[in-house]
Amino acid sequence: MNVFHNLLANNLIASITNFTVWFAVTFWVFLETQSVFATGLIAGIYLVLTGGLGFWFGSLVDHHRKKLVMMASSAASFALYAAGLVVCLVIPEAALTQIAAAPLWIFIAIVMLGVIAGNVRNIALPTVVTMLVPEDRRDKANGLVGMATGIGFLTTSAISGFLVAWGGMIATLALALALSALAFAHLL
């Protein structure tokens with residue numbers, strides 16, 4: 001398997017991880033609060049942060065080595081997921097189920113920042129196609145990038161639903177930590 005395919009597989013793992021956390025926190029918040037409003041706010045947080053940080057993330061990808069940016073993305077997601085797990089373990093469960101309680105929104109913000117940090121990889125991956133793939137095969141490589149993104153997004157609904165049902169956000173974040181560490185180590 002060549003470097004591009006290894007990188008594609010690595011990014012697929014990271015995408016599945018980050019999308020799974022995003023979907024899981026949305027499912028979990030609805031189950032815990034019974035509030036569609038809260039799930040709408042989570043979608044809004046994702047939209048605003050993605051739009052607001054997109055230019056900065058793009059400049060990071062443009063001005064730094066792609067491998068370093070991808071590793072930093074995994075490290076940032078890992079750190080934020082670890083912080084989210086600590087919040088889950090330390091804050092009483094009742095405080096994380098009240099829509100008006102600050103701990104719930106602090107938890108959501110931390111976890112969503114971890115998801116958003118993973119978006120850097122989705123910006124960086126297409127930029128390496130021109131560096132790693134000969135010109136006559138770039139169309140197929142770009143198709144593989146799109147396919148990996150689509151597969152990542154497609155599979156997360158089932159994975160996150162299973163994780164939330166099985167072990168809530170603790171299981172979800174534990175898996176996210178393991179997969180983020182795996183993606184980071186693989187890039188090394």
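For the structure, check the block above.
Colleague: How do you make sense of unusual backbone geometry when you look at a structure like this?
Modeller: Only a minority of non-glycine residues have a phi that is not negative, and only a minority of peptide bonds are not trans. Even without glycine at this site, Gln34 takes up a positive phi of about 60°. Tracing the backbone through its elements, the reader meets Gln34 in the loop between α1 (3–33) and α2 (36–63). With a relative accessible area of 55%, Gln34 lands in the exposed category.

Colleague: So what exactly am I meant to see when it comes to α1 here?
Modeller: Residues that lie three or four places apart on an α-helix share one face, since the helix turns once every 3.6 residues. Its 31 residues place the ends of α1 45 Å apart at the C-alpha level, agreeing with the 45 Å of an ideal helix rising 1.5 Å per residue. The N-terminus of α1 is capped by Asn2, whose side-chain oxygen sits 3.1 Å from the backbone nitrogen of Phe4. Positioned one or two residues after α1, Gln34 has a phi angle of 60°, which is positive.

Colleague: Looking at this structure, I do not really get a nonpolar patch on the surface. What am I missing?
Modeller: A cluster of nonpolar side chains, contributed by Val86, Leu89, Val90 and Ile170, occupies part of the molecular surface with about 380 Å² of accessible area. Given the relative accessible area of 59%, Val90 is considered exposed.

Colleague: What is the right way to look at the packing of aromatic side chains in this model?
Modeller: Per the stated rule, a full pass over the model turns up 10 aromatic pairs. On the numbers, 6.4 Å between centres and 45° between planes, the contact of Phe19 with Trp22 is tilted. Separated by three residues within a single helix, Phe19 and Trp22 lie in helix α1, roughly one turn from each other. Trp22 carries the same exposure label as Phe19, and that label is buried. The interplanar angle of 5° and the centroid separation of 6.2 Å between the aromatic rings of Phe162 and Trp166 together place this pair among those described as stacked. Note that Phe162 and Trp166 are positioned in helix α6 (residues 138–187) at a spacing of four residues, about one turn of the helix. Among the residues examined, Trp166 registers a relative accessible area of 62% and is labelled exposed. Members of the aromatic cluster, connected to one another through ring pairs, are Phe19, Trp22, Phe23, Phe27, Tyr46 and Phe153.

Colleague: Just to check I follow, could you spell out the packing of helix α5 (residues 119–132) against α6 for this structure?
Modeller: Any two packed helices are characterised by how steeply their axes cross, that is the angle between the axes, and by the distance between the axes. Remark: α5 packs on α6, axes separated minimally by 9 Å, with the N-to-C direction vectors making an angle of 155°. By the criterion of interaxial angle, the relationship of α5 to α6 is roughly antiparallel. Here α5 and α6 pass one another in a crossing that is right-handed. Packed against α5, whose contacting residues are Arg121, Leu125, Pro126, Val129 and Thr130, the element α6 presents Arg138, Ala141, Asn142, Val145, Ala183 and Leu187 at the interface. Each residue belonging to the contact of α5 with α6 can be placed in one class, and the counts come to seven nonpolar, two polar and two charged.

Colleague: It is not clear to me how the nonpolar core should be interpreted in this structure. Could you clarify?
Modeller: With 47 residues, the main nonpolar core has Val25 and Phe107 as its most contacted residues. Where this core is concerned, the elements lending two or more residues are α1, α2, α3 (66–90), α4 (102–117), α5 and α6. No other element matches the 11 residues that α1 contributes to this core. Ignoring anything within four residues of it in the chain, the contact list for Phe107 reads Val25, Trp28, Gly84, Val87, Cys88, Leu96, Met169 and Leu173.

Colleague: How should the side chain of Asn18 be read in this particular structure?
Modeller: Relative to the assigned elements, Asn18 resides in helix α1. The class of Asn18 is buried, set by a relative accessible area of 7%. Within the local environment of Asn18, its side chain forms a polar contact with the side chain of Tyr81, the two groups lying 2.6 Å apart. Discounting chain neighbours no more than four positions away, the residues touching Asn18 are Ser77, Tyr81, Gly114, Val115 and Gly118.

Colleague: How should α6 be read in this particular structure?
Modeller: For α6, with 50 residues, the first-to-last C-alpha span of 22 Å runs short of the 74 Å given by 1.5 Å per residue. The axis of α6 is deflected most strongly, by about 120°, at Gly167.

Calculation notes
Residues numbered from 1 in each chain as written. Predicted model: local features only at pLDDT ≥ 70, side-chain atom pairs only at ≥ 80, totals over all residues. Heavy atoms only, no water. Helix = DSSP H or I, 4+ residues; strand = E, 2+ residues; numbered from the N terminus. Buried < 20%, exposed > 50% of the residue type's maximum accessible area, 1.4 Å probe, protein only. Expected span 1.5 Å × (residues − 1). Polar contact = N/O pair within 3.5 Å; in protein donor to acceptor, adjacent residues only side chain to side chain. Patch = residues over 30% accessible without salt bridge, like charges linked within 9 Å, V, L, I, M, F, W, Y side chains within 5 Å. Areas by Shrake-Rupley, 256 points an atom, 1.4 Å probe, with all protein chains shown as cover. Salt bridge = Lys/Arg side-chain N within 4 Å of Asp/Glu carboxyl O. Phe/Tyr/Trp six-rings, centres within 6.5 Å; stacked < 30°, edge-to-face > 60°. Axes fitted to C-alpha atoms, helices over the stretch in contact; angles between N-to-C directions. Parallel < 35°, antiparallel > 145°, perpendicular 65-115°, else oblique. Left-handed = near helix turned anticlockwise from the far one by under 90°. Contact = heavy atoms within 4.5 Å. Nonpolar A, V, L, I, M, F, W, Y, C, P; charged D, E, K, R; others polar. Core = buried A, V, L, I, M, F, W, Y, C linked by side-chain atoms within 4.5 Å. Bend = angle between axes of the 7 residues up to and from the residue.

Keep in mind these numbers describe shape, not what the thing actually does.
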